[in-house]
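Each chain is listed here by its residues.
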Amino acid sequence: DASSADSTSPTKRSKNPGSSDGSIVLLREQANKLVDDVLLALAKNIPARQLIPAQFTFYQKEASKLGTAIIVPFVDFVGKTGGLLQSNTLIQFYKPLFKLFLSVFDLARNPAIPLSDVELLEQATLDAFMRFVVKLNENLFKPLFLSFVDWATAEPSALPAPQNLGGWISSASASPVAKSRHGRKDDRRARQQNASEARLRVFYRVLNVLFDKLKSILTPYYSSVIDATVAQLDRFGIAHDTIEAQEEEDRMEKPVPSALWCAVVESIHQSALHDTSGFWSDAMFKKVLRPLANQLPNTKALRQELTMPGEQEEYEQYIERVRKYLAPAASQLSAAVGDDAMWKQLNQAVMLRSRSDEPAVRVGSLLVLQALYERLGEEYLILLPETIPYLAELLEDDDSRVERATQETIKVIESYLGEMGAKSEETTQKLTVWQKAFLRDEDWKKDELREVVFWLIEAFSAVLGLCFGVLGLHGLLCFIAYFASVVAVPSVYLTAFLGVDEQDYGGKMEILGDSVGAGAATFVLAWIGSYTVLYDMSNASNSGSDDPLHITLVKYESGLGVPGIMPPKLSSTVEITKHPEQNARVVKTEFTDNKPSSTNQGEIAADGFSTVLAMVDELKTLPVRQTPGGPDVFGANTVVQVRQGRNVVWGYNPGAGCAVVEDEPSDELHASITDDHKSKFVVIVNKIVATSNDAF
């Protein structure tokens, strides 16, 4: 009953265990623990199909009329039950349980309930509700969330009148006039505002707890809430911040920022904090930019009490509100949108409030500015030039609080200016990658190591290919030797020369990356080129028609490779050599994953070689440059070179990759190439390859 609730009220009972009141407190705590244990045992052991209907009936007939002394432990019991439901039972009862929780939340709409009871009731129901919600999968959660939004945003005029409380028993205080969390007595206006905001307040509080638990999973759901959020910001916000302009706003009776305001602004902060999917786009940011900035001029709490003793207290409440909710929301929202054009608009809106007639608003705008710099760091310095005039004005402010806040803001900005200068100096003194490549025990990043290793392999492959060509080596053993050495050399360089532990950077294969494939292409070209050049030099005593004829084809796999970065995979090479008074010889090598899989040699009959010469004559008619590089205008992924001794008769050697075709050729010569030319090139190459195959 009420008397028992009053006798054990925390504000009246003694905490001394030796006193009679202390003994009562101890006994009550022990009794509460036993009750919790019994309720948990009931939730675990009684089948849900029997327990949940009984809970519904009890709440509708009894609990909803008996006050927080009964409802608080009851909703805790329901929360325990919901948290223990199995999936099959959850599907059966999740909708009725959801309606039950909404019904309990809706009690806060009754202005007859003391504010302290409302706070206690909401918190207990919120805790119980979360035990139930986290059990839901997405298919169950989404329709429930949308129903929750509809419930919270329903028109107040369409809602049923609050029920008659009857014998309401408060667990906080039996006094007819309870106290709020700040210790002030409830008045009718405070209760009316609290009751009118009840549904939205509950919803946004639940939303913020869900953000804390579900994080980025919940962010897309905020799209169904954004309009309600903007509407509430407009309801609390003041678009004008001069005394004269606020007279009209005051006549509109802008409400005091309440628990609902705190929950709404915190929801913006939470949604931006957990945004990993780009929800806060420029368009979405613009929706809340002005309404959010309009919260700064609302110092309604500051003007409620005009007496001097209460002025400082109300000022501190306003500053705490800005520091705890508004500034973090604005700064995190700016970080989420990541667009300096949007930052500029917000910065301008905030700094315009620094010219308010109200000192508290000027301080509040500085607190938001500090938060922006602390969150965005040196990136926000791009807006410093347009901020300096405002800071210069505030440094000469008549109010000492404003002047002090301005000095603190300037210190924050200067810290990032100093950090930026230090980074610039450090950059000038930092060694380049290629300087570190010749020094031991330097600090390396993975990308730097991979770059050095890539070019090391390229250089090594070119040198080794030249050496093999000079020595006249050929065959499969050359490729085996190359791939064995190309893996070993980087390891020796990293460990023995640089003193780097490969495991610190993901291991040998992570560092090598695609370097081996690119190096293999360089090796093959250097090997074939040097071998061919030196072979011709050995016959340099012959002149004119006595010079041997060389026809070289290198084919790549279609559609692979990035020009200048990673050559495509080799498909095959064909080398045809015709010496005077000898049959033409051909060597064909097939590749798999840039490794030779087979090599064939043979002689081409005289009639077959005549066909090859006819194809060479056809190649000479094609309009193409004979210099290396450029796009693969024929799109055949093939390099061709025809030489008579040392002289290049006809050559087609596009840039590395040769799988890339420019839509618009870069010069007039290439612009003249038609589809007929491309088809002709493919036919010629195929005929040369087919004739070569006949030799085997």
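Residues numbered from 1 in each chain as written. Predicted model: local features only at pLDDT ≥ 70, side-chain atom pairs only at ≥ 80, totals over all residues. Heavy atoms only, no water.

Draft legend 1. Just the overall build of the chain, in detail. If you tally the helices and strands in the chain, you get 26 helices and six strands. By residue count, 46% of the 696 residues in the chain fall in the buried class. (Helix = DSSP H or I, 4+ residues; strand = E, 2+ residues; numbered from the N terminus. Buried < 20%, exposed > 50% of the residue type's maximum accessible area, 1.4 Å probe, protein only.)

Draft legend 2. Expanded view of the sheet that holds strand β2 (residues 570–578). On the basis of which strands lie adjacent, the open sheet formed by six strands has the order β4-β3-β2-β1-β5-β6 and antiparallel pairing. Edge strands, defined here as strands with exactly one partner in the open sheet, are β4 (595–604) and β6 (647–652). Averaged over neighbouring strand pairs, the angle between their axes works out to 10° when direction is ignored. Where β2 lies against strand β3 (residues 584–592), six bridges are found, and the strand directions are antiparallel. Of the residues in β3, the one forming a bridge with Thr-577 is Arg-585. Sitting on the sheet, helix α24 (residues 606–619) is in contact with β1 (549–556), β2, β3, β4, β5 (638–644) and β6, with an inclination near 75° to β1. Each of β1, β2, β3, β4, β5 and β6 touches helix α26 (residues 675–694); the most contacted strand, β5, lies at about 70° to it. (Pairing = 2+ DSSP bridges. Axes fitted to C-alpha atoms, helices over the stretch in contact; angles between N-to-C directions. Contact = heavy atoms within 4.5 Å.)

Draft legend 3. Structural context of unusual backbone geometry. The residue Lys-215 is not glycine, and still its phi comes out positive at about 55°. The exposure class of Lys-215 is partly exposed, given its relative accessible area of 39%.

Draft legend 4. Up close: the pattern of salt bridges. Within the structure shown, the criterion is met by 16 salt bridges. Salt-bridge contacts for Asp-76 lead to Lys-80; the nearest nitrogen and oxygen are separated by 2.3 Å. Of this pair, Asp-76 and Lys-80 both sit in helix α4 (residues 68–83), four residues apart, which is roughly one turn of the helix. In this structure, the salt-bridge partner of Lys-588 is Glu-590, at a minimum N-O distance of 3.4 Å. Overall, Glu-590 belongs to the partly exposed group, its relative accessible area being 27%. Connected through shared salt-bridge partners, Asp-76, Lys-80 and Arg-131 make up one network. (Salt bridge = Lys/Arg side-chain N within 4 Å of Asp/Glu carboxyl O.)

Draft legend 5. Here's a closer look at helix α20 (residues 446–470). Taking 1.5 Å as the rise per residue, α20 with 25 residues should run 36 Å; its terminal C-alpha atoms sit 36 Å apart, in good agreement. Along α20, the residues that are buried comprise Glu-448, Leu-449, Val-452, Val-453, Phe-454, Ile-457, Glu-458, Ser-461, Leu-464, Gly-465, Phe-468 and Gly-469. Looking at the residues trailing α20, positive phi occurs at Gly-472, about 70°. (Expected span 1.5 Å × (residues − 1).)

Draft legend 6. Up close: the packing of α4 against helix α5 (residues 87–105). Relative orientation of the contacting elements α4 and α5 amounts to 160°, with a least axis distance of 12 Å. Relative to α5, α4 is oriented roughly antiparallel. Along this stretch, α4 crosses α5, giving a crossing that reads as left-handed. In this structure, α4 uses Ile-71, Val-75, Val-78, Gly-79 and Gly-82 to contact α5, whose residues at the interface are Leu-97, Leu-100, Phe-101 and Val-104. Per-class residue counts for the contact of α4 with α5 are seven nonpolar, two polar and no charged. (Parallel < 35°, antiparallel > 145°, perpendicular 65-115°, else oblique. Left-handed = near helix turned anticlockwise from the far one by under 90°. Nonpolar A, V, L, I, M, F, W, Y, C, P; charged D, E, K, R; others polar.)

Draft legend 7. Spotlight on the packing of aromatic side chains. On inspection of all chains with the given rule, the structure shows 33 aromatic pairs. Measuring from centroid to centroid gives 5.3 Å for Phe-145 and Tyr-221, while their planes differ by 70°, and the two rings are edge-to-face. Taken together, the residues span a long stretch of sequence, with Phe-145 in helix α7 (residues 138–152) and Tyr-221 in the loop between α9 (198–214) and α10 (226–236) at a distance of 76 residues. On the accessibility criterion, Phe-145 (3% relative accessible area) is buried. Between Phe-479 and Phe-591, the ring centres sit 5.4 Å apart and the planes meet at 75°, which makes this aromatic pair edge-to-face. Residue Phe-479 is located in helix α21 (residues 476–498), and its partner Phe-591 is located in strand β3; the two are separated by 112 residues in the primary sequence. Under the relative-accessibility criterion, Phe-479 is labelled buried at 7%. Grouped by ring-pair contacts, the aromatic residues Phe-98, Phe-101, Phe-105, Phe-129, Phe-132, Phe-141, Phe-145, Phe-148, Trp-151, Phe-203, Tyr-204 and Tyr-221 constitute a single cluster. When the ring centre of Phe-483 is taken as origin, the NZ or CZ atom of Lys-595, which lies over that ring, is 5.7 Å away. (Phe/Tyr/Trp six-rings, centres within 6.5 Å; stacked < 30°, edge-to-face > 60°. Lys NZ or Arg CZ within 6 Å of the ring centre and 35° of its normal.)

Draft legend 8. Expanded view of the confidence of the model for the chain. Here the chain averages 79 in pLDDT, and 80% of its residues register 70 or above. Within the chain, the element-level pLDDT minimum falls on helix α1 (residues 2–7), averaging 38, and the maximum on helix α12 (residues 259–273), averaging 96. In the model, residues 539–544 has pLDDT below 50 throughout and makes five contacts with residues more than four positions away in sequence or in other chains. Ignoring residues within four places in sequence, the model shows residues 656–666, a span with pLDDT below 50, making 20 contacts including any to other chains. (pLDDT = per-residue confidence, 0-100.)

Draft legend 9. A look at the nonpolar core. If you look at the biggest cluster of nonpolar residues, it comprises 116 residues, and the most contacted ones within it are Phe-129, Phe-132, Tyr-204 and Trp-280. Those residues in contact with Phe-129 that lie beyond four places of it in its chain are Phe-98, Phe-101, Phe-105, Phe-148 and Val-206. Judged by nonpolar contacts, the second largest core, of 30 residues, contains Leu-449, Val-452, Tyr-482 and Tyr-505. (Core = buried A, V, L, I, M, F, W, Y, C linked by side-chain atoms within 4.5 Å.)

Draft legend 10. Representation of helix α6 (residues 115–133) in the model. With 19 residues, α6 should cover 27 Å at 1.5 Å per step; its first-to-last C-alpha distance of 26 Å lies within 8% of that length. In terms of burial, α6 is a largely internal element, 14 of the 19 residues being buried.

Draft legend 11. Up close: the packing of α20 against α21. Running from N to C, α20 and α21 point in directions that differ by 140°, and their axes come no closer than 10 Å. Taken as axis vectors, α20 and α21 run oblique relative to one another. Viewed along their axes, α20 and α21 form a crossing whose handedness is right-handed. Residue-level inspection shows Leu-449, Val-452, Val-453, Leu-456, Ile-457, Phe-460, Ser-461, Leu-464 and Phe-468 of α20 in contact with α21, the latter providing Cys-478, Ala-481, Tyr-482, Ser-485, Val-486, Val-489, Pro-490, Tyr-493, Leu-494 and Leu-498.

Draft legend 12. Quick look at the pairing of β6. Bridge count for β5 against β6 is five bridges, and the pairing is antiparallel. Considered in β6, the bridge of Val-642 is made with Trp-650. In textbook terms, the turn of a hairpin is the stretch between consecutive antiparallel strands, and for β5 and β6 this stretch comprises two residues, one of which, Gly-645, has a positive phi near 65°.

Draft legend 13. Inspection of the side chain of Thr-691 at higher detail. Relative to the elements of secondary structure, Thr-691 occurs in helix α26. With a relative accessible area of 10%, Thr-691 lands in the buried category.

Draft legend 14. Structural context of the pairing of β5. Of all seven residues in β5, five are buried; the element is thus mostly enclosed. By the bridge criterion, seven bridges tie β1 to β5 in an arrangement that is antiparallel. The residue bridging Leu-553 from the neighbouring strand is Val-640, located in β5.

Draft legend 15. Representation of a nonpolar patch on the surface. A cluster of nonpolar residues, Val-470, Leu-471 and Leu-473, forms a patch on the protein surface that exposes about 290 Å² of accessible area. Among the secondary structure elements, Leu-471 is positioned in the loop between α20 and α21. Overall, the relative accessible area of 60% leaves Leu-471 in the exposed class. (Patch = residues over 30% accessible without salt bridge, like charges linked within 9 Å, V, L, I, M, F, W, Y side chains within 5 Å. Areas by Shrake-Rupley, 256 points an atom, 1.4 Å probe, with all protein chains shown as cover.)

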